[in-house]
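Spelled out, the chains give:
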Amino acid sequence: AKEQGRNTYQFYTEGMQEREVMRLELDKDLNHALANDEFVLYFQPQLDLNDSSINSVEALIRWQHPRRGLLPPVDFIPLAEESGRITDIGRWVVMAACRQLAKWQNGPYSNLRIAVNLSGRELDDESIVDHIQEALETNGVPADRLEVELTEEIFIQNIEHNLNQLTKLHKLGVHLAIDDFGVGYSSLGYLRDFPVDLLKIDRSFITDVTERHDDAVITRAVINLAHNLGIQVVAEGVETREQLTFLKNHRCDLIQGYLISRPIPAAELEKALSSGLLD
Ligand code: C2E
Ligand code: CA
Ligand code: CA
Ligand code: CA
């Protein structure tokens, strides 16, 4: 048993070393990723349950790494947050989203809005609001085409600064969404104090919503709470017809998830929309 224990330990440390090496390598490569134009935005549509239309898509970043292939955000966003490089990546995301909106503006996809993810760290940056305004203006895109998704962490730290930033953004006309709603530890008071347009119920409540009574109760309560405050509700991670039916019956406004589509490149999204695949 002792022998086995030692082997396990060795295996474990080797695995850790490998991960650490990869981490360091990726961290170094991140230095050049922006200059080499290696980031891409994938888009995941949100289905409006009231009229079965698609009017908004969430932009999710991917890194087309020259050797490792297409990397998901979990492989590099935490690294970028630690090093502070997230600020530049976030600016790129905003600019790329506005460029895409400009492309869609005249044509069959002119109804689409794009939601981008901003971390608390990115909101710390004093000039991010100016940058967003500039990205919109440079591309001739109306502010209400852009949505910003934020997690509840922004209601726990730097509250005054964040309220100030979000108030400015909202005044521009940018829509604000609370991401991963229900998994944070903040009080509900911020729903009163912050200009929130949308709540996105976290996938962890949706996965078993048709099987688990408590998840169903929480989901219904969140929908009612939001509606009574004049806030729209998006359910995240919808994968089954049964979940869709439940959410429709309980007046959820929008759903997002693999049932409708995985995140896909812009060209694929256009194809899917125009061929009615998402109807
Ligand atoms: P998120 O904002 O909560 O995004 C939703 C995640 O759930 C996405 O993972 C999406 O692909 C995945 N997802 C969507 N529908 C389903 C479903 O039906 N089932 C399951 N199992 N998963 C589903 P992704 O693209 O890997 O992104 C992970 C996280 O990375 C995002 O979580 C977000 O927090 C962060 N992220 C993505 N893009 C950006 C970005 O541009 N900036 C920042 N700061 N963070 C980003
Ligand atoms: Ca999000
Ligand atoms: Ca989310
Ligand atoms: Ca998340």
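The structure this text deals with has already been given above.
Basis of the calculations
- Residues numbered from 1 in each chain as written.
- Chains lettered and ligands numbered in written order.
- Predicted model: local features only at pLDDT ≥ 70, side-chain atom pairs only at ≥ 80, totals over all residues.
- Heavy atoms only, no water.
- Helix = DSSP H or I, 4+ residues; strand = E, 2+ residues; numbered from the N terminus.
- Expected span 1.5 Å × (residues − 1).
- Buried < 20%, exposed > 50% of the residue type's maximum accessible area, 1.4 Å probe, protein only.
- Donors = N, O, S within 2.8 Å, 3.2 Å for Na, K, Ca; no water.
- Near = heavy atom within 4 Å.
- Polar contact = N/O pair within 3.5 Å; in protein donor to acceptor, adjacent residues only side chain to side chain.
- Areas by Shrake-Rupley, 256 points an atom, 1.4 Å probe, with all protein chains shown as cover.
- Nonpolar A, V, L, I, M, F, W, Y, C, P; charged D, E, K, R; others polar.

S.K.: Explanation requested: helix α3 (residues 86–105) in the structure shown.
M.R.: An α-helix turns once per 3.6 residues; consequently, residues spaced three or four apart project the same way. Given a rise of 1.5 Å per residue, 20 residues ought to cover 28 Å, and the 28 Å separating the end C-alpha atoms of α3 matches this to within 8%. All of the buried residues in α3 are Ile-86, Ile-89, Gly-90, Trp-92, Val-93, Val-94, Ala-96, Ala-97, Cys-98, Gln-100, Leu-101 and Trp-104. Directly after α3, the chain includes Gly-107, whose backbone phi takes a positive value near 150°.

S.K.: Which parts of the structure should I look at to understand the coordination of the calcium ion (ligand 4)?
M.R.: Metal coordination angles have textbook ideals: 109.5 degrees for a tetrahedral set of four donors and 90 or 180 degrees for an octahedral set of six. At 2.7 to 3.0 Å from the calcium ion (ligand 4) lie its protein donor atoms, namely Asp-180 (OD) and Asp-180 (OD). Separating the calcium ion (ligand 4) from the calcium ion (ligand 3) is a gap of 3.8 Å, bridged by Asp-180, which donates to each. By secondary structure assignment, the location of Asp-180 is in strand β6 (residues 175–181).

S.K.: It is not clear to me how the site of ligand 1 should be interpreted in this structure. Could you clarify?
M.R.: Near ligand 1 there are 20 residues, and of these Arg-62, Glu-122, Asp-179, Glu-239 and Tyr-258 occur at the shortest range. One nitrogen or oxygen atom from the side chain of Gln-44 is found 3.0 Å from a nitrogen atom belonging to ligand 1. One of the side-chain nitrogen or oxygen atoms of Asn-117 is found 3.1 Å away from an oxygen atom of ligand 1. For ligand 1, the accessible surface in isolation is 810 Å², of which the surrounding protein chains cover 79%. Those elements that place two or more of their residues in the shell around ligand 1 are β2 (53–65) and β6. No other element matches the four residues that β2 contributes to the shell around ligand 1. Along the lines of polarity and charge, the residues of the shell around ligand 1 split into seven nonpolar, five polar and eight charged.

S.K.: What am I meant to see in the coordination of the calcium ion (ligand 2) here?
M.R.: Only Glu-58 (OE), Asn-117 (OD1), Glu-149 (OE) and Asp-179 (OD) from the protein coordinate the calcium ion (ligand 2), and they sit 2.1 to 2.3 Å from it. Coordination of the calcium ion (ligand 2) draws on donor residues from a single chain, spaced E-x58-N-x31-E-x29-D in sequence. The calcium ion (ligand 3) is placed at 4.0 Å from the calcium ion (ligand 2), the two being bridged by Asp-179. Of this pair, Glu-149 sits in strand β5 (residues 146–150) while Asp-179 sits in strand β6; the two residues are 30 residues apart in sequence, bridging distant segments of the chain. By the burial criterion, Glu-149 is buried, and Asp-179 matches it.

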